[in-house]
Amino acid sequence: MILYNEEIGLLVRHYGDNAQTLPIIQQLAHQGNRYAIERLVRHYGDNAQTLAIIQQQAHQGNREAIRQLVIYYRDNPKTLAIIQQQAHQGNNQAIEQLVRHYGDNAQTLAIIQQQAHQGNRYAIKS
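Right, let's walk through the structure included here. (Residues numbered from 1 in each chain as written. Predicted model: local features only at pLDDT ≥ 70, side-chain atom pairs only at ≥ 80, totals over all residues. Heavy atoms only, no water.)

Counting secondary structure elements, the protein chain contains nine helices and zero strands. When the elements of the protein chain are put in sequence order from the N terminus, they spell out α-α-α-α-α-α-α-α-α. With the C-alpha coordinates aligned to their principal axes, the bounding extent of the protein chain is approximately 50 × 25 × 20 Å. Of the roughly 7300 Å² of accessible surface on the protein chain, a fraction of 49% belongs to carbon and sulfur atoms. Averaged over its 11 positive side-chain charges, the protein chain has a centre that lies 8 Å from the centre of its 9 negative ones. (Helix = DSSP H or I, 4+ residues; strand = E, 2+ residues; numbered from the N terminus. Areas by Shrake-Rupley, 256 points an atom, 1.4 Å probe, with all protein chains shown as cover. Lys, Arg positive; Asp, Glu negative; His and termini not counted. Charge placed at Lys NZ, Arg CZ, Asp CG, Glu CD.)

Quick look at the structure:
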């Protein structure tokens, strides 16, 4: 199924309460569609399955999922671990979020230093 961003927005806006809408948005988010990820979190953020999909996509390095995970689920115990793991692998979005939201964490400093030592330009700027 291919839906364009405008169609995803219309689907959620006009049929968000329809029982068939959530599974469609979840499927698109699970496939890595960044707009579906954003809509899923914004409109169905309190759903446990939403969190699982966002965590899975962030764990795979999806930039939008990383951003949404930190914005909406910052206090979730798994969030920091996922962001640190992605930053450790050199994911610049994860590095940015790690510095922005967890800058006072000692492990954050170690990861940034390690990435800078490996020549990651984004970590050097951070």
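Every buried residue of helix α5 (residues 63-72) is accounted for by Glu 64, Ala 65, Ile 66, Gln 68, Leu 69 and Val 70. Residues of α5 that are buried make contact with α3 (34-44), α4 (48-59), α6 (77-88) and α7 (92-102). At the N-terminal boundary of α5, the capping side chain belongs to Asn 62, with an oxygen 3.0 Å from the backbone nitrogen of Glu 64. (Buried < 20%, exposed > 50% of the residue type's maximum accessible area, 1.4 Å probe, protein only. Contact = heavy atoms within 4.5 Å. Polar contact = N/O pair within 3.5 Å; in protein donor to acceptor, adjacent residues only side chain to side chain.)

Within the secondary structure, Gln 115 sits in helix α8 (residues 106-117). One polar contact links Gln 115 to Gln 114, side chain to side chain, over a distance of 3.3 Å. Sequence-distant contacts of Gln 115, that is, excluding residues within four places in its chain, are made with Ala 87, His 88, Gln 89, Gly 90, Ile 95, Asn 120 and Ala 123.

Between its first and last C-alpha atoms α6 spans 18 Å; for twelve residues at 1.5 Å apiece the expected length is 16 Å, and the two agree. Among all positions in α6, only Thr 79, Ile 82, Ile 83, Gln 84, Gln 86 and Ala 87 are buried. Considering only its buried residues, α6 is in contact with α4, α5, α7 and α8. Its side-chain oxygen at 2.9 Å from the backbone nitrogen of Lys 78, Asn 76 defines the N-terminal cap of α6. Where α6 ends, the next residue or the one after it, Gly 90, has phi of about 95°, a positive value. (Expected span 1.5 Å × (residues − 1).)

Ranked by internal contacts, the top residues of the largest apolar core, which has 31 residues, are Ile 25, Leu 40, Ile 54, Leu 69 and Ile 83. Among the elements of the structure, α1 (5-15), α2 (21-30), α3, α4, α5, α6, α7 and α8 are those that each provide at least two residues to this core. A per-element tally of this core places α3 first, with five residues. Excluding anything up to four places from it in sequence, Ile 83 contacts Ile 66, Leu 69, Val 70, Ala 94 and Leu 98. (Core = buried A, V, L, I, M, F, W, Y, C linked by side-chain atoms within 4.5 Å.)

Below, the discussion takes up the packing of α2 against α4. Where α2 contacts α4, the axes come no closer than 9 Å and their chain directions differ by 15°. Here α2 lies roughly parallel to α4, going by the angle between them. Considering how the two elements wind past one another, α2 and α4 form a crossing that is left-handed. Contact residues: α2 offers Gln 26, Ala 29 and His 30, while α4 offers Gln 49, Thr 50, Ile 53, Gln 56 and Gln 57. For the contact of α2 with α4, the per-class residue count stands at two nonpolar, six polar and no charged. (Axes fitted to C-alpha atoms, helices over the stretch in contact; angles between N-to-C directions. Parallel < 35°, antiparallel > 145°, perpendicular 65-115°, else oblique. Left-handed = near helix turned anticlockwise from the far one by under 90°. Nonpolar A, V, L, I, M, F, W, Y, C, P; charged D, E, K, R; others polar.)

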